[in-house]
Amino acid sequence: MLLARRPARSLAKASPCIDATENETVTTLNESLLGDDNTSRSVTVDGRPLLLVNRHGALFLYENRCPHTGDSLDPQGGSLSDTSGGLLTCQRHGAQFLAENGQCVGGPCLGASLTAVPFSVISGHIVLS
Ligand code: FES
């Protein structure tokens, strides 16, 4: 089942850092973790592997788990986004997913979807629901 994603109002262009942050009451990701437009990156929050996707300044968040095998999408690291930011390509067997809803539109898991992670953006922090 697809879950609604909310685009961020604006995304910081600060140098990315590796560590996710956590505050006392909620687990959060800082917007500074996001890369340039039309890129993705993986982070781990509380042991949960996630994929942050920045498409034209809109943020999408998915579990970093390919529906083909259940393994991570990016064993080689780096961005999975194409230059338009519209497609994410799994590094294992080439499945392609729409950045905006995670639906697989090509490859071995055609019709399946990435698992969306609900979130809100509050004061520059990405708060997982
Ligand atoms: S594990 Fe992603 S396409 Fe096979």
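Conventions adopted
Residues numbered from 1 in each chain as written. Predicted model: local features only at pLDDT ≥ 70, side-chain atom pairs only at ≥ 80, totals over all residues. Helix = DSSP H or I, 4+ residues; strand = E, 2+ residues; numbered from the N terminus. Buried ≥ 20, exposed ≤ 12 C-beta atoms within 10 Å, placed from the backbone. Contact = placed C-beta atoms within 7 Å. Pairing = 2+ DSSP bridges. Axes fitted to C-alpha atoms, helices over the stretch in contact; angles between N-to-C directions. Core = buried A, V, L, I, M, F, W, Y, C linked by C-beta atoms within 7 Å.

Trainee: Go over the overall build of the protein chain with me, naming the residues and quoting the values.
Mentor: In terms of regular secondary structure, the protein chain is built from zero helices and 10 strands. In the protein chain, the succession of α and β elements from N to C terminus is β-β-β-β-β-β-β-β-β-β. Counting across all 129 residues of the protein chain, residues that qualify as buried make up 29%. Within the protein chain, residue pairs in contact and separated by at least 24 positions form 41% of the contacts whose partners lie at least 6 positions apart.

Trainee: I'd like a description of the sheet that holds strand β5 (residues 58-63), backed by residues and values.
Mentor: Strand order across the open sheet formed by three strands is β3-β4-β5, with antiparallel pairing between neighbours. Strand pairing shows two members of the sheet lacking a second neighbour, β3 (39-45) and β5, which therefore form its edges. Sheet twist, expressed as the mean angle between neighbouring strand axes with direction ignored, is 25°. Across seven bridges, the pairing between β3 and strand β4 (residues 48-55) is antiparallel. Counted as the bridge partner of S40 is V53 from β4.

Trainee: How would you sum up the environment of L73? Please name residues and give values.
Mentor: Mapped onto the elements of the fold, L73 is located in the loop between β5 and β6 (87-89). The exposure class assigned to L73 is buried, which follows from the 24 C-beta atoms found within 10 Å. Each C-alpha atom of the pair L73 and L114 lies 9.9 Å from the other, and the pair is 41 residues apart in sequence. Not counting chain neighbours up to four residues away, the residues in contact with L73 comprise L51, N64, C66, L80, C90 and Q91.

Trainee: Which residues make up the sheet that holds strand β8 (residues 104-106), and what are the values?
Mentor: In space, the three strands of this open sheet follow the order β6-β7-β8, with antiparallel pairing throughout. Looking at strand neighbours, the two that pair on one side only are β6 and β8, the edges of this open sheet. If you compare each strand with its neighbour and ignore which way they point, the axes differ by 40° on average. By the bridge criterion, three bridges tie β6 to strand β7 (residues 96-98) in an arrangement that is antiparallel. Within β7, the residue paired with L88 across the bridge is F97.

Trainee: Quick one: what's the story with the nonpolar core, residue by residue and with numbers?
Mentor: With 24 residues, the main nonpolar core has L50, L52, V53, L59, L61 and Y62 as its most contacted residues. Where this core is concerned, the elements lending two or more residues are β4 and β5.

Trainee: Tell me about the pairing of strand β9 (residues 119-122), and name the residues and values.
Mentor: The sheet contact formed by β9 and strand β10 (residues 125-128) spans four bridges and is antiparallel. Across the sheet, the residue bridging to I122 is H125, located in β10. The turn linking β9 back onto β10 is made up of two residues, and S123 within it adopts a positive phi angle of 50°.

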